[in-house]
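Close look at the chain arrangement
So you can see what is in the structure, the chains are spelled out below.
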Amino acid sequence: RELIKYPKITEYSSIWMDSIRNGEFGLTNTNRLVRFYKGATGLKTGSTSKAGFCISATAERDGMSLICVIMGAPSRDVRNAAATSLLDYGFANYETVELQVDTDLITDVKVLKGIEESIKPTISEIGKVTLKKGDKDKISTEITLATDVEAPVEEGQKLGNVVFKINNEPIGECDLFSDKN
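All of these numbers come straight from a predicted model, not from anything done at the bench. The numbers attached to residues start from 1 for each chain and follow its sequence in the written order. Owing to the predicted nature of the model, reporting of local features is limited to residues with pLDDT of at least 70; listing and counting of side-chain atom pairs is limited to 80 or more, with chain, interface and lining totals taken over all residues. Water and hydrogen atoms play no part in the side-chain values, which are based on all heavy atoms of the structure.

**A closer look at the pattern of salt bridges**
Quick reminder of the rule: By definition here, a salt bridge exists when the distance from a side-chain nitrogen of Lys or Arg to a carboxyl oxygen of Asp or Glu is within 4 Å. Working definition: helices are DSSP H or I runs of at least four residues, strands are E runs of at least two. Numbering for both runs from the N terminus. Categorising residues by exposure relies on relative accessible area from a 1.4 Å probe, with only protein chains included: less than 20% of the type maximum marks a residue as buried, more than 50% marks it as exposed, and the intermediate range marks it as partly exposed.
Summed over all chains, the structure comprises seven salt bridges. Of the charged contacts in the structure, one is a salt bridge between glutamate 11 and lysine 8, with a shortest N-O distance of 3.5 Å. You can see glutamate 11 and its partner lysine 8 sitting in helix H1 (residues 7–13), three residues apart, about one turn around the helix. Residue classification places lysine 8 among the partly exposed positions, given a relative accessible area of 47%.

Structural data, given as structure tokens:
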């Protein structure tokens, strides 16, 4: 997961065939999914007599990225079929959704000893979360705000947070902060 934060990795690992040395030497990717699986973006295959056939496969569809790892398969074909099956399961049963907050629910925070009496908190970058399909409508938000803050208030000062939950279990969080001094 850490590795694919770098776009060059999937840029190279998603290439099916290439040549080097002015076309004198051809290279073919050992990850057949990059050619035959819709949305495949890479990543790495390998095999040894003890480990069997292994793959770390990545794919993206409709803004959702998945990683699947298969270890110890008895053959390349079994490894590739297992990776295909696991990725298919992920795309069929999960979706990535952007978390949202009703900003009308975020009230002003009172400023003590300040020039302004209150400040409206700004929300930090919220982000996305991958959920089982159909769970999007189950998301609830719990907003926690400071009751008051003492001046001076600094830009970027944390004034609260929002916790996103499904069935009372946290699935994400973001901060509320001051966007000015």
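This is not the end of the story, as more comes after the structure.
**Topic: the nonpolar core**
What counts, and what does not: To qualify as a nonpolar core, a set must consist of buried Ala, Val, Leu, Ile, Met, Phe, Trp, Tyr and Cys residues joined through side-chain atoms within 4.5 Å. Contacts are assigned to residue pairs that have any heavy atoms within 4.5 Å of one another.
Leu33, Tyr37, Leu87 and Phe91 are the most contacted members of the largest nonpolar core, which has 15 residues in total. Sorting the residues of this core by element identifies strand S4 (52–61), strand S5 (64–73) and helix H3 (76–93) as the ones contributing at least two each. The greatest single-element share of this core, amounting to five residues, is contributed by S5. The contact partners of leucine 33, leaving out residues within four places of it in the chain, are Ala40, Ile55, Ala57, Asn80, Ala83, Thr84 and Leu87. Among the nonpolar cores identified, the runner-up in size contains eleven residues, and Val101, Ile106, Cys174 and Leu176 belong to it.

**What to know about the sheet that holds S5**
Keep this limit in mind: Strand pairing is assigned whenever DSSP detects at least two bridges linking the two strands. Angles run from 0 to 180 degrees between N-to-C directions of axes, and those axes are lines fitted to C-alpha atoms, restricted for helices to the stretch in contact.
With antiparallel pairing, the three strands of this open sheet are ordered in space as S3-S4-S5. In this open sheet, the two strands that pair with only one neighbour each are strand S3 (40–48) and S5. On average, adjacent strands in this sheet sit at an angle of 5° to one another, irrespective of strand direction. Across eight bridges, S3 lies against S4 in antiparallel orientation. Within the sheet, the bridge partner assigned to glycine 42 lies in S4 and is threonine 58. Of the strands in this sheet, S3, S4 and S5 touch H3, which is tilted by about 150° from S5.

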